[in-house]
Structures are given as C-alpha cells and as structure tokens.
Amino acid sequence: MLNFELGKYRKMVVAIALFLVFDLGVLVLSFAISAQIRDDAIDVNLVSRQRMLTQRITKTALQLEQRIKNNQPYRDHLLELEQATSTFDKTLQAYRSGGMVPVGDGKEIMRNALTDKNARQLLDDTLAQWESLREVLHGMLRANPISPNLAASVARQTEAANDRLLAATNNFTLRVQELAESKATSLRIVQVAGIALAVLNFLVILFHFIPNLRANDKELQRVKRETDNILRTTQEGLFLLDPDFRMGSQQSRALTSIFGSQPQPGTDFLSMMRPLVSPKTLDTAREYINLLLKHDVMEKLVSALNPLDRVEMTVNNDAVGVDTRYLQFNFSRVVEDNRVTQLLVTATDITRRVRLEKELKDSEERAQGQMSLLLKLLQADPVILKDFFKVATEALDQINHILETQAGQFENFASKVIAIHRISHRIKGDASSLGLQILEQSFHELEEVLVGMREQKNLSGEDLLPVAVRIKALYSNLDLIQNAVNRMSQIRGVVSVEPSKPPHDPEIGKQAFVTQWRNFVETLAQRQGKSVALNYQGIDVTALPQPMRGAVSSIVNQFLRNALVHGIEAGETRAAHGKSPTGSINIFISENEEGDIELSFRDDGQGIDFNAIRAAAVRVGRLSPEAAEKADMRTLAATIFDPGVSTSKITDKDAGRGAGLDAVKDMVRRMGGNIRVGTTFGQYCHFRVFLPRSKQQHHVAIPALAEAK
Amino acid sequence: MRLLIVDDSNIIRGKIARALGKYGLTIAGLETNGREAVERFREARPGIVTMDLTMPEMDGIECIRQIRAIDPTVRILVVSALTDKATAISALMEGAQGFLGKPFSEDDLCDAVGELLRGNHG
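Worth saying up front: this structure is predicted, and the values here are computed from it rather than measured.

Considerations on the pairing of strand β2 (residues 26–31) of chain B
Residue and element names in this part refer to chain B. Looking at chain direction, strand β1 (residues 2–6) and β2 are connected through five bridges and run parallel. Bridged to Leu 3 within β2 is Ile 27. Traced from β1 through helix α1 (residues 10–23) to β2, the parallel crossover comes out right-handed.

Here it is, written out as structure tokens:
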C-alpha cells in the first residue's frame, strides 16, 4: 500500500496538481471544442447545401419541363430532381427529429435533432414551405410518363415556391451559423479562463512556493553547516550504526585521529574492530549491539556490559614510535516512531584517563610504600638513619658534582655514567640494608636509566638530563624522609641524646674489637635465650690511647651486659609487641678535633621501667617510698647508676648485683665526662657518654629523659 | 509491586530485601536456586524479579527463560558479578531488561529498580 507522507510539501504538491488539472482541463476543452466546431461546421455546410438544393430543384424542374415539351429524353433530369428532393427532405427531417443525412458518394452521417428553439422555429417554417412543394414534386416523380402539362404545372409551382423556400432556408442557415459561432465563442472563453487559471497557478508556485523552498534550502544549509561544524570540532568520534553493523556517512572528524583514517560510509564496524580486540570480545560486542537494537532492555541498565568500554590499541607514532592508546565506545539508541533504528556510537580516546587512573593506583601503592617506610623508620635506629642520610646526601652531592663537571674532565660521557652508577649502587645497598624500600627503588630506577645509557653509544650532555631529574627527586625524597624521622624523634621523645655521627665506613664493622663485642653479645644472648644483632659505626677503638681505650671498652661491655639482661626482651615478647624477634644494639663512637670521645649506645629493648626502678630504689633504701612516688623521671633515671640498684629479679653472672652501671658512672666521673640517658618504655634505651681527652672534671649529669610509658 | 529475589548468597538476598523493602516493594519470595524460583514465581506471580546467574540446580538464564514463558510482562533485573559479560548479555537476550553488577550499593539497586519500573528504554 502506498502511503506518502507529503508533510511540508503538501501545499506545493496540491498547487502543482491544480496546475496540471487546469492544463489538462484546457487540453480536454480544446479537444472538445475542436470536435464541436468540426461538427458545427458540418451542420453549417449541410444547412447551406439546402439553399443550393432549392435552386437545383427549381432549375431541374424547369429543365424537365423544357425536355418533356420538346420530347427530349429527360430521365437524367428526373433522377437529379428525385435525388435533390430526397436529400433536401432527409436533411430537414434529420434536423427535426434526428436521423441520417446523405453526404455524397452514397454515404450518410447521423445528425441530432436541433434543440435551439429559434432554429427549430425556422426549421418548422422551412418545413411548412417545403411540405406542399414536396407533395407536388412527388406527384410528378410518381407519374409515368410525365405529361408536358404536369411538368409545366410543377415547374410553375416550383418557381412560385422557390423564393419563399429560399428565404426560409436562408434564415434557418443563418440561425445555425449563429448557433455555431456562439458555441465556439463560449468554448473559447472557457479555454481562455482555463489557461488563465493555469498561468495564475504557475505564478503562485513561482512567487509563493519557490521563495519558501529557497528559505527552506537556506535553513537546511544553515543546519547542515552547524552539524558539519559540530562533527568537525567535537573531540569524540561520532557515527551512526545500522542494524547490519554498517557505519553511517555522517562522521565526526575526530574519528580520523581515533582510527588513523576516516572510515568509508558503509564500512562494517565489527570488521574495523577485529584487529583491536580478541575474537571473544568481538562476539560479545556483536551480541551487545544486537541487545540494544533488537531486545527489550533498559539502555542505562546494560551499559555496564559494554565490552568495548576500554579497547587497547597500538599505534605507530612518528614522534615516540609505538604508542599504546585506549579507546572507549559508547552506544546510544536512536529511536524513531518508538522503534530503535540505529545506534549512535561515541568513540572517545581515554588514554589520558587510563594513564591518570594508573598514576593514581601507582600513587596509592607509593603511599602504601611510604606507610611501610614509616614503619621501617619507626623500627630503625635514628642514629643509623641519620648516618645514612648524611652519607646519601653526600653521595647525591657527589653525583651532582659529576653531572656539573665538564665532560672533558672525564674521558667521555660514558665514564661519567659509570662513576654515577658506582655511587648510586653503593647507596642503594645501604638503603636496602635499612629496609628503606622506596629509596632503594628510586636508586634502582636511577641505575636502570644509567644501565640503559651504558649500552648507548655517542652519549651527549642532554642524555644525562633524566639522571639529573632523578637526582633532584632523590634529594626531595631524602628530605621528606629526614623530616619524617625528625618528627618521629619528637614524638618518641628523643631530644638530644644522639651524638654527632661518625663517618660511614662499612669496613669498621669487621674490625676485631667489634667482632669481640659481637661474640660477647652472642654469649650473653645465648645464656639469656635471646637473639641480638650488634651494629657499630665509628672510629677504630683500638687506636685510642690509654686510658681512653680501656674506659670505652669497659663502658661498652657494661652497657652490653645491661642491654642483654634488662633491655632487650625475649624473642616471643618482642614479637608480641610487634617488634622484630631479633633485638638490635647500635653503637657509635666518634672523636672530635680535641680528641674528646662521644659514645652512643642504643638498644631497641623495653627501655627503662620507672616503676621497677622506684621499687628497686625503695628496696635498697636509696629512696623512701614517698620520695620514690614523687621522684621525677630524671631523678629516677639517675638512680640506675647508683650502687646496688638493680631491677633484675635474678642475680646471675650477667646482672642483678646492681654494680654494672655504677661502675660506668664511676669511670666516667673519674675521666671528667658525663652521661645522658634517653628512653621510651617499651621501645628503646639510649646512653650517650662524653669522655674528654683533657683532665678537666665534669659532673656526671643525667640530663635528658624521654617520656616514659 | 511484589518482588521475587533469586540469589544463592544469603547476604545478597538479605541486602536486596532490606533495600527494596525500604523502597516500598513487597517481598514475594527469597529463593536460592532457579528451580525453586520458577515454582515460587508460578504461585506468587510477582511483577519484578532480581536474578543471580550462577546458581545450583537451575542457573539464572534457564530460570529467566521459564519465568518469561509464564509471564512475558515480568520485569527482570540480573544482579551478578561483572566477570563474564557474555553470559550476562545472554541472560538479557532471554528476556531480562536490566543488569546490576556485584558488588552494588543500596542506592545503585534502588536506582536500577526504579529505572526498571519506569520502563524507560532510552
């Protein structure tokens, strides 16, 4: 069934149809008029013939009279008279009642009776004149032979009737001519009117519809220009997809950069996607598109199932070589007459978003790494950390110096890279030994860059830029960690007990005197059922002059004994408190320019239990119960150096007699030095001893105490 | 509107019942597998069903097929993990109208059910 939707063209179609109808009407009229005029012309001819016939009848009747009178043959004339009489009569009868009229050659044509009243009247007049003459003529035509008298009588009557009959026939003829002309005129008027209407209609089309069409065209052009501008400007790839997965002709320009070339209209979308996704994803995509096109599902509620929401594609980029990009294809239904006819596909390059997400994830991982770093820092010895920071900063300074130095001072850039690599590798090892994974990773990344450069030929200064960038980042990482350490120190209450750090020297820990301390620690640890690691940094103690050497050795031994017995807990206890099962002791000994010795001794054991000290001090009578209760931590800390005060419940060869720290205090006093104590109960205990080279006496002071828990 | 919840996880069933109960739906049944869900559906004739896909005895896809055969006008929301998009799409082709990935929030669920009840296809 044809069902044209004319819409806005309805009026114009009607106008054109009218134009055609008018034209057709005029054509039909012309046809009808020409037929009518031809018909009228026949009438006029036939009626005019009647005049000629009246003359012929009269003339033939006179000729017949003469021939019969002269006794000449008259048969031909008689036949002519009979024919003329018959033709005249038939013609009149036909116009009166309708009938056949002879037209010559034995042919006849049909004529209808006249309807015009005047014409009929005139016809009746003619008939009235004719009928009496016809009877006279018929009387002669029936006679055989015709007497000269009869012929003469008929000729006289015919002559007599001729004028009247001719006049009546004339009038009738004129009326018929008049009728024909009047009809032709009316028909011409109708024809002209039809043509005029057709022309008018044409003018309406010309001056009304054509400007409208032009306005519409203009509007269409404007809309198309807007659409083109949108499609040219949008950052997203836009196109329509039909139910056969064919891409439409209207596509945004961004599609070119997304696919690398503008897809041809009609291209099969799934074929385009085939190189980008797995066969399984492609099948799922086909089903998903079908789902949106052909199934009764909620568009919003199935978007999570879009298998093309992240498509990875590899492109060859002139600038950076092979590059990975990510595309997202979204599908929206196009609904026409409550039917889904197409899908609008939006292709977006989401590479930036994907990379940002990855960076965010990396950043979260880094944050977790920093958290684990903080935990490491909390567990690590601040003294060792400070030492590490100093060494690491110096190493970075050194690398910076190498970077700034003209290449000429090195054999080439490659030798610079080798020198930087060597330093970086050393610091990476130190960071690793402290469990500072973030720094270890940063140095590792720097090393990877350097290794890459070592394989490169023809290095230039610019190639070292990435190294400079990483060094800058390392400086800031070190700063951050140092700040964190400083803040933690404040929280932990370590105030001023850290000595100035001796220079880092990995070889010193292997010296015999350190080995001796380690052996001592191992013996004590075995006896106490504990596990303890000792770390030493500082000067070579064996190189010290006496009595300094003996004093330092003795003090260290006492501190070790004290730490093993009172400080460091058994492995299970440590583990229960979230500490490493192995306790650690860090010793630093440094010497200043005057030859004064600073000794720092720190264990990560349980720290000083001030309640136990109160009890011990009361037990040995050092303090009254009231005084012990009121005593501040500084006073209490000082009592651990008093003779006989021991918190150990068991007296064995290692401790419990309360004489160890007393001996240390005595020795330090004699040498004119001082002792500082820092502690957090449950976390650490730190002794810092100052031994001057000069003999000047110092009070043995126990100044700074950490908060006690 | 009556609601049938089909999921083999007790926690998920409870969560859906709580959220959609507050939303104003009447719980017509809580079923743990497809076979029981079809039986329950036949008796209770709920207008809306939340459907897990991986279940013992009869999986969600077969269950959707049978439920739609009983009542082609029922609204079905597939509530499943987003690990296999192809299976979820197959379930939708069987006659479910929407999909909600696990895990989901109560708001996500109410939004999805609201969308399903409005019958908004656009």
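What follows continues from the structure just given.
Considering the nonpolar core
Generally speaking, a soluble globular protein has its nonpolar side chains buried in company with each other. One finds Leu241(A), Phe269(A), Ile289(A), Leu308(A), Phe329(A), Phe331(A) and Met51(B) to be the most contacted residues of the largest nonpolar core, which totals 54 residues. With seven residues, helix α7 (residues 279–294) of chain A is the single largest residue contributor to this core. Leave out the neighbours within four places in its chain, and Ile289(A) touches Leu241(A), Phe245(A), Phe269(A), Leu270(A), Phe331(A) and Leu343(A). Listed in part, the 51 residues of the second largest apolar core include Leu534(A), Leu544(A), Met548(A) and Ala617(A).

With respect to helix α2 (residues 75–97) of chain A
Residues and elements named next belong to chain A. Over its 23 residues, α2 runs 32 Å from end to end, which matches the ideal 33 Å to within 8%, given 1.5 Å per residue. All buried positions along α2 are accounted for by His 77, Leu 78, Leu 81, Ala 84, Thr 85, Thr 87, Phe 88, Asp 89, Thr 91, Leu 92, Ala 94 and Tyr 95. On the buried face of α2, the contacting elements are α1 (10–69), β1 (99–104), β2 (107–111), α3 (117–142) and α4 (148–233). Count one or two residues on from α2 and you reach Gly 98, which has phi positive near 85°.

Remarks on the confidence of the model for chain B
When the pLDDT values of chain B are averaged, the result is 90; 98% of them are 70 or greater. Within chain B, no element has a lower average pLDDT than α1(B), which sits at 90, and none a higher one than strand β3 (residues 48–51) of chain B, at 95.

Some details on the sheet that holds strand β5 (residues 98–102) of chain B
Residues and elements named next belong to chain B. Strand order in the open sheet formed by five strands is β2-β1-β3-β4-β5, and the pairing between neighbours is parallel. In this open sheet, the two edge strands, each paired with only one partner strand, are β2 and β5. Across this sheet, the average inter-strand angle for adjacent strands is 20°, counted without regard to direction. Set on the sheet, helix α2 (residues 34–44) makes contact with β1, β2 and β3; between it and β2 the angle comes to about 155°.

Notes on the packing of aromatic side chains
Inspection of every chain in the model, using the stated rule, returns 15 aromatic pairs over all chains. Consider the rings of Phe239(A) and Phe269(A), whose centres lie 5.6 Å apart with planes at 50°: the pair is tilted. In this pair, Phe239(A) sits in strand β3 (residues 237–241) while Phe269(A) sits in helix α6 (residues 269–273), placing the two residues 30 residues apart along the sequence. Comparing Phe239(A) with Phe269(A), the two get one shared label, buried. A connected cluster of aromatic rings, assembled from ring pairs, spans Phe239(A), Phe259(A), Phe269(A), Tyr288(A), Phe329(A) and Phe331(A). The residue whose ring lies beneath Arg602(A) is Tyr684(A), and the NZ or CZ to ring-centre distance is 4.0 Å. For Lys15(B), the ring lying beneath its charged end belongs to Phe104(B), and the centroid distance is 4.6 Å.

Structural notes on the environment of Gln157(A)
If you trace the backbone, Gln157(A) turns up in helix α4. The contact partners of Gln157(A), leaving out residues within four places of it in the chain, are Leu133(A) and Val136(A).

Some details on the packing of α1(A) against α4(A)
All names here are of chain A. The interhelical angle for the contact between α1 and α4, taken along N-to-C directions, is 170°, at an axis separation of 8 Å. Compared by their axis directions, α1 and α4 come out roughly antiparallel. The residue inventory of the contact of α1 with α4, partitioned by class, reads 35 nonpolar, 16 polar and 11 charged.

Brief notes about the pattern of salt bridges
Residues and elements named next belong to chain A. For the structure shown, the criterion picks out 43 salt bridges over all chains. Between Lys 90 and Glu 108 there is a salt bridge, with its nearest N and O atoms 3.5 Å apart. Placement of Lys 90 in helix α2 and of Glu 108 in strand β2 is noted, with a sequence separation of 18 residues between them. On the accessibility criterion, Lys 90 (37% relative accessible area) is partly exposed. Note that Lys 428 is salt-bridged to Glu 447, the shortest N-O span being 3.6 Å. A residue pair is termed long-range when its members are at least 10 positions apart, and Lys 428 in helix α11 (residues 413–433) and Glu 447 in helix α12 (residues 437–454) qualify at 19 residues. Given the relative accessible area of 16%, Lys 428 is considered buried. Of the residues examined, Glu 447 reaches a relative accessible area of 7% and is grouped as buried. Salt bridges linked by common partners bring Glu 569, Arg 574, Lys 579 and Asp 604 together as one network.

Examining the packing of helix α15 (residues 548–567) of chain A against helix α20 (residues 660–670) of chain A
All names here are of chain A. Where α15 contacts α20, the axes come no closer than 9 Å and their chain directions differ by 155°. As the angle between them shows, α15 and α20 are arranged roughly antiparallel. When the axes of α15 and α20 are compared, the crossing they make is left-handed. Of the residues in α20, those touching α15 at Ala 551, Ser 554, Ile 555, Gln 558, Phe 559 and Asn 562 are Gly 660, Leu 661, Val 664, Met 667 and Val 668. Taken together, the residues of the contact of α15 with α20 sort by class into seven nonpolar, four polar and no charged.

What counts, and where the lines are drawn
- Residues numbered from 1 in each chain as written.
- Chains lettered and ligands numbered in written order.
- Predicted model: local features only at pLDDT ≥ 70, side-chain atom pairs only at ≥ 80, totals over all residues.
- Heavy atoms only, no water.
- Pairing = 2+ DSSP bridges.
- Helix = DSSP H or I, 4+ residues; strand = E, 2+ residues; numbered from the N terminus.
- Right-handed = clockwise from strand over helix to strand, strands pointing away.
- Core = buried A, V, L, I, M, F, W, Y, C linked by side-chain atoms within 4.5 Å.
- Buried < 20%, exposed > 50% of the residue type's maximum accessible area, 1.4 Å probe, protein only.
- Contact = heavy atoms within 4.5 Å.
- Expected span 1.5 Å × (residues − 1).
- pLDDT = per-residue confidence, 0-100.
- Axes fitted to C-alpha atoms, helices over the stretch in contact; angles between N-to-C directions.
- Phe/Tyr/Trp six-rings, centres within 6.5 Å; stacked < 30°, edge-to-face > 60°.
- Lys NZ or Arg CZ within 6 Å of the ring centre and 35° of its normal.
- Parallel < 35°, antiparallel > 145°, perpendicular 65-115°, else oblique.
- Nonpolar A, V, L, I, M, F, W, Y, C, P; charged D, E, K, R; others polar.
- Salt bridge = Lys/Arg side-chain N within 4 Å of Asp/Glu carboxyl O.
- Left-handed = near helix turned anticlockwise from the far one by under 90°.

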